[in-house]
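Below, each chain spelled out in residue letters.
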Amino acid sequence: MKLWYFLKANLIVTFKQFPMLVFGIIVTPVLLGLFLSFSSSSMFTPTVEPPKISVYWDNLDKSAIGEHLDDSIDQLEKEDIVVREQDRQDASVIISVPQNFGEDLETNYDRDAGDQMPAIAITTEKDDAASDAVIIRQIMDSVMEPILTSIDLAELTTDAGKNPELVQEIQTAVASKLAQQKAITKEHVGVNALSSTQFYAINSIGFMLVLIFSNLLIADTKDSLKALNKRIRLLPLKVSEQVWFTKLTNLIVYASLILLGMLVWWLYDRSTFSGNFLYYLLIILCQLVLVLGASGLISSFISERAASSITGLISIVWIALSGFIPLEKYSASPFFEALQHNPIRRLFIDPYFEVQQFNTLSNSWLVIGGLALVGVILSMSQTVVLKRKEEY
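Keep in mind that what you see is a predicted model, and the values were worked out from it rather than measured.

Details of the overall build of the protein
In step 1: When helices and strands are counted, the protein shows 18 helices and 4 strands.
In step 2: In the protein, the proportion of contacts linking residues at least 24 apart, taken out of those at least 6 apart, comes to 81%.

Digging into the pattern of salt bridges
In step 1: In this structure the tally under the stated criterion is 1 salt bridge.
In step 2: The partner of Asp74 in a salt bridge is Arg84, and the shortest N-O contact between them spans 2.9 Å. Of this pair, Asp74 sits in helix 3 (residues 64-78) while Arg84 sits in strand 2 (residues 82-84), placing them 10 residues apart in sequence.
In step 3: Judged by its relative accessible area of 31%, Asp74 falls in the partly exposed class.

Points about the packing of helix 8 (residues 196-221) against helix 12 (residues 277-299)
In step 1: Here helix 8 crosses helix 12 at 30 degrees, and the two axes come no closer than 9 Å. In terms of orientation, helix 8 lies roughly parallel with respect to helix 12. By crossing handedness, the relation of helix 8 to helix 12 is classed as right-handed. Of the residues in helix 12, those in contact with Leu209, Ile212, Phe213, Leu216, Leu217, Asp220 and Thr221 of helix 8 are Gln287, Leu288, Val291, Leu292, Ala294, Ser295, Ile298 and Ser299.
In step 2: Residues of the contact of helix 8 with helix 12, tallied by class, amount to 10 nonpolar, 4 polar and 1 charged.

Observations concerning empty space enclosed by the protein
In step 1: Taken as a whole, this structure holds 2 cavities of 30 Å³ or more when the rule is applied.
In step 2: By volume, the second largest cavity amounts to about 30 Å³.
In step 3: Every residue lining the second largest cavity is listed: Met117, Ile120, Arg137, Met140, Asp141 and Met144.

What about the nonpolar core?
In step 1: Counting residues in each nonpolar core, the largest one holds 51 residues, and the members touching the most others are Ile25, Ile212, Tyr254, Leu257, Ile258, Phe273 and Leu288.
In step 2: Of all the secondary-structure elements, those providing two or more residues to this core are helix 2 (18-39), helix 8, helix 11 (239-268), helix 12, helix 13 (304-321), helix 17 (350-358) and helix 18 (365-391).
In step 3: The element that contributes the greatest number of residues to this core is helix 8, accounting for 14 residues.
In step 4: Non-local contacts of Leu257, meaning those with residues more than four positions away in its chain, are made with Phe18, Leu21, Val22, Ile25 and Ile26.

Notes on the sheet that holds strand 3 (residues 93-97)
In step 1: In spatial order, the strands read 2-1-3-4; together these 4 strands make up an open sheet with mixed pairing. Since the sheet does not close on itself, it has two edges, and those belong to strand 2 and strand 4 (121-123), each with one partner. Averaged over all pairs of adjacent strands, the angle between strand axes in this sheet comes to 30 degrees, irrespective of strand direction.
In step 2: Of the pairings in the sheet, the one linking strand 3 to strand 4 comprises 3 bridges and is antiparallel in character. Residue pairing in the sheet places Ser96 in a bridge with Ala121 of strand 4.
In step 3: Contacting strand 1 (53-59), strand 2 and strand 3, helix 3 crosses the sheet at an angle of about 110 degrees to strand 2.

Let's talk about helix 17
In step 1: Looking only at helix 17, the buried set comprises Pro351, Tyr352, Phe353, Glu354, Val355 and Gln356.
In step 2: Count one or two residues on from helix 17 and you reach Asn359, which has phi positive near 50 degrees.

With respect to the packing of aromatic side chains
For any pair of aromatic rings, the description rests on two quantities: the centre-to-centre distance and the angle between the ring planes.
In step 1: Across all of its chains, the model carries 7 aromatic pairs by this definition.
In step 2: Measuring from ring centre to ring centre gives 5.8 Å for Phe199 and Phe353, while their planes differ by 25 degrees; the resulting arrangement is stacked. Taken together, the residues Phe199 in helix 8 and Phe353 in helix 17 connect sequence positions 154 residues apart. When sorted by exposure, Phe199 lands in the same class as Phe353, which is buried.

With respect to a nonpolar patch on the surface
In step 1: A surface patch of nonpolar side chains, amounting to about 590 Å² of accessible area, comprises Phe15, Phe18, Leu260, Leu263, Trp266 and Leu267.
In step 2: Element by element, the count of residues in the nonpolar patch is highest for helix 11, at 4 residues.
In step 3: With respect to the helices and strands, the residue Phe15 is situated in helix 1 (residues 2-16).

A short note on the packing of helix 8 against helix 13
Angle between the axes and distance between the axes are the two parameters that describe a pair of packed helices.
In step 1: Here helix 8 crosses helix 13 at 175 degrees, and the two axes come no closer than 9 Å. Taken together, the axes of helix 8 and helix 13 lie roughly antiparallel to each other. Residues Asn203, Gly206, Phe207, Val210, Phe213, Ser214, Leu217, Ile218 and Thr221 of helix 8 form the contact with helix 13, whose own contacting residues are Glu304, Ala307, Ile310, Thr311, Ile314, Ser315 and Trp318.
In step 2: The residue makeup of the contact of helix 8 with helix 13, split by class, is 9 nonpolar, 6 polar and 1 charged.

Rules used throughout
As a convention, each chain's residues are numbered from 1 in the sequence order in which they are written. Residues qualify for local features only when their pLDDT is at least 70, as the model is predicted, and side-chain atom pairs are given and counted only at 80 or more; totals for whole chains, interfaces and linings, by contrast, use all residues. Values shown for side chains rest on all heavy atoms present in the structure; no hydrogens or waters enter the calculation. Every helix listed is a DSSP run of H or I at least four residues long, and every strand listed is a run of E at least two residues long, numbered separately from the N terminus. In this analysis, two residues are considered to be in contact whenever any of their non-hydrogen atoms come within 4.5 Å of each other. Salt bridges are defined by distance alone: a side-chain nitrogen of Lys or Arg within 4 Å of a carboxyl oxygen of Asp or Glu. Three exposure classes are used, based on accessible area relative to the maximum for each residue type with a 1.4 Å probe and protein chains only: buried under 20%, partly exposed in between, and exposed over 50%. Under this scheme, a helix contributes an axis fitted over its contacting stretch, all axes are lines through C-alpha atoms, and angles between N-to-C directions fall in the 0 to 180 degree range. For classification purposes, an angle smaller than 35 degrees is called roughly parallel, one larger than 145 roughly antiparallel, one from 65 to 115 roughly perpendicular, and anything else oblique. Throughout, a crossing is termed right-handed when the near helix is turned clockwise from the far one, and left-handed when it is turned anticlockwise from it by less than a right angle. For this classification, the nonpolar set comprises Ala, Val, Leu, Ile, Met, Phe, Trp, Tyr, Cys and Pro, the charged set comprises Asp, Glu, Lys and Arg, and every other residue, Gly included, is treated as polar. Using protein atoms alone on a 1 Å grid, points that fit a 1.4 Å probe yet trap it form a cavity, whereas open point sets bounded by protein on both sides within 12 Å along at least five of seven lines form a pocket; residues with an atom within 4 Å of a point count as lining. Grid points are joined across faces, edges and corners, and a volume is the space filled by probe spheres set on the points. Remark: nonpolar core denotes a set of buried residues (Ala, Val, Leu, Ile, Met, Phe, Trp, Tyr, Cys) joined through side-chain atoms within 4.5 Å. One requirement defines pairing of two strands: DSSP has to find at least two bridges between them. Pairing of aromatic rings covers Phe, Tyr and the six-membered ring of Trp, with a centre-to-centre limit of 6.5 Å; geometry is then stacked below 30 degrees between planes, edge-to-face above 60, and tilted otherwise. Patch definition: residues above 30% relative accessible area lacking any salt bridge, with like charges linked at up to 9 Å and the nonpolar side chains Val, Leu, Ile, Met, Phe, Trp and Tyr linked at up to 5 Å. Accessible areas in this description were obtained via Shrake-Rupley with a 1.4 Å probe; residue shielding takes into account the shown protein chains only.

Below is the structure:
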């Protein structure tokens, strides 16, 4: 019952401030994101077409493995991933398979023993084709993986007819490898690239989190804003109840605001947020738990002037590191390339990209779970600090 009265009182106060919250937390990130999305759209045009890399295929191996490689290259050409050139000089990448490649692979190579695999030479004679060579190397690794798996299972397949379960196990293992390598190949040819709208829509969520943090920090340290919650403070609540009830209320309010911002983006472009909506909601809630915990604990120790300085510094750091201004797309500098791989993006941006591109959170469960756990610990610490302040 206490929680209900608290939520009701807090939501009434929030509703009175709703236009100000919408303008301060949603309008600025969305408008800025839309402007940057429109002005830099050419740099984010997804490479949805296959790369069509020109290659010279020089296969001297006439074994069954060599024939499999020929078939694989033919298939890649049908899918427009590669274009075979008749003249070596016209090709961006030269792929050379030695004469006894298949025989050496079957008789002299033991993957489990750590032997070095006979090499398929991938070279280029053009200075601007280095990236093409990298992509071809990834594709050839994808082609070779099921071949190596088949060789590893060669002894098992010898008497596979006597054991139907073994046949099924082998087929499942090979199919899994093929599916995995197909996914990797798709990633390298750029099927999953983001448009500028998708990129800035996701980054605007992070920007909203920064503004929410700033809003909470200033609201908890500025006397004139504290007065807005005077009615709520009169409720007969323990310190712990007040802290956790406030966190819950703010979680509901600010999650709703972020979802409203996402709705604006979605109305602008229906392809903005693809993937499972519940994944997005889970990320938002976990990140908000951290933001609420951090702002609450910090506000227990600082003054209004310090709060203004901290929020300004955090905004600058966010703009620089989050990718809201993607410096690596404006310059090919190695420094900017390295700068994009930073903890800010990994914690607050990459989980959204993972859902957007692959509709999964398999690589981010620990990240978002860790954020929520840290947020809970910070909130518990805030409760302890406020209790001690009340005692003194």
